[in-house]
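# Architecture and fold: a report
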Amino acid sequence: MALLAVVGLVAGYTLKASPAQQGTSTSSSGQCVKPPNGILIIASETGFNDSVDHGVPEKAWPVANVSEGSTVDIVVCNLDHIAHGFNIQHYYETPIQTLSPGQVLRISFVADKAGTFWIRCEIFCPIHPFMQSGELRVT
Ligand SMILES: [Cu+2]
């Protein structure tokens, strides 16, 4: 697929990660894969992980359940032909993250605060209303 040929790495954004997680990067085109024990989120013309088919905005989708104190590894791939944003309330709020078509974002952080945190796109896009209902649930 042409899109996969232009997959690039957006600089990893690390919050309170242990030294083992820092500097994680890869330049291969095969990096759009679910990290071990982690979370894969695909942005496409059908939302985040096909959210248009999961009852949003009435229902939360995608939903990621993690344990408080655990290290959370997330890979976000934009397989759409337009840009999308990615934001996790509290854990990944700044800078405003824009993923160009084909880009892959890797995020790693320690879930040091319990609660339910909003996962959303924060830049306008045609599928935007369907990218506003993701949740990271830390228990
Ligand atoms: Cu959007």
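The text that follows walks through the structure, step by step, so that each part is easy to find. Here the structure is a predicted model, which means the values were calculated and not measured.

Of all hydrophobic cores here, the largest spans 27 residues; its most connected members are I41, I74, F86, I88, Y91, F109 and L136. Only strand 2 (39–44), strand 4 (63–66), strand 5 (71–78), strand 6 (84–88), strand 7 (92–99), strand 8 (104–110), strand 9 (115–120) and strand 10 (134–138) provide two or more residues apiece to this core. Leave out the neighbours within four places in its chain, and L136 touches A64, V66, I88, Y91, F109, G115, T116, F117 and I119.

Attention now goes to the coordination of the copper ion. Any two of four tetrahedral donors ideally make an angle of 109.5 degrees at the metal, while pairs among six octahedral donors ideally make 90 or 180 degrees. Distances from the copper ion to its protein donors, C121 (SG), I123 (O), C125 (SG) and H128 (ND1), fall within 2.1 to 2.3 Å. What the four donor atoms of the copper ion show is an angle range of 81 to 123° at the metal, which sorts the shape as irregular. We note that the donor set of the copper ion lies within a single chain, spaced as C-x1-I-x1-C-x2-H. For H128, a relative accessible area of 17% corresponds to the buried category.

Take the pairing of strand 8 next. With five of its seven residues buried, strand 8 lies for the most part within the structure. Here seven bridges tie strand 5 to strand 8, and the two strands are oriented antiparallel to one another. From the neighbouring strand, C77 faces strand 8, where its bridge partner is V104.

Our next topic: the pattern of salt bridges. The full count for this structure, using the stated rule, is one salt bridge. Salt-bridge contacts for R137 lead to E135; the nearest nitrogen and oxygen are separated by 2.8 Å. What makes E135 partly exposed here is its relative accessible area of 21%.

In this fold, K113 is placed in the loop between strand 8 and strand 9. Taking C-alpha positions, K113 is 8.6 Å from T139, a pair spaced 26 residues apart along the chain.

Conventions we followed
Residues numbered from 1 in each chain as written. Predicted model: local features only at pLDDT ≥ 70, side-chain atom pairs only at ≥ 80, totals over all residues. Heavy atoms only, no water. Core = buried A, V, L, I, M, F, W, Y, C linked by side-chain atoms within 4.5 Å. Buried < 20%, exposed > 50% of the residue type's maximum accessible area, 1.4 Å probe, protein only. Helix = DSSP H or I, 4+ residues; strand = E, 2+ residues; numbered from the N terminus. Contact = heavy atoms within 4.5 Å. Donors = N, O, S within 2.8 Å, 3.2 Å for Na, K, Ca; no water. Tetrahedral: all angles 85-135°; square planar, octahedral: opposite > 155°, others 65-115°. Pairing = 2+ DSSP bridges. Salt bridge = Lys/Arg side-chain N within 4 Å of Asp/Glu carboxyl O.

Shape descriptors only; they carry no functional weight alone.
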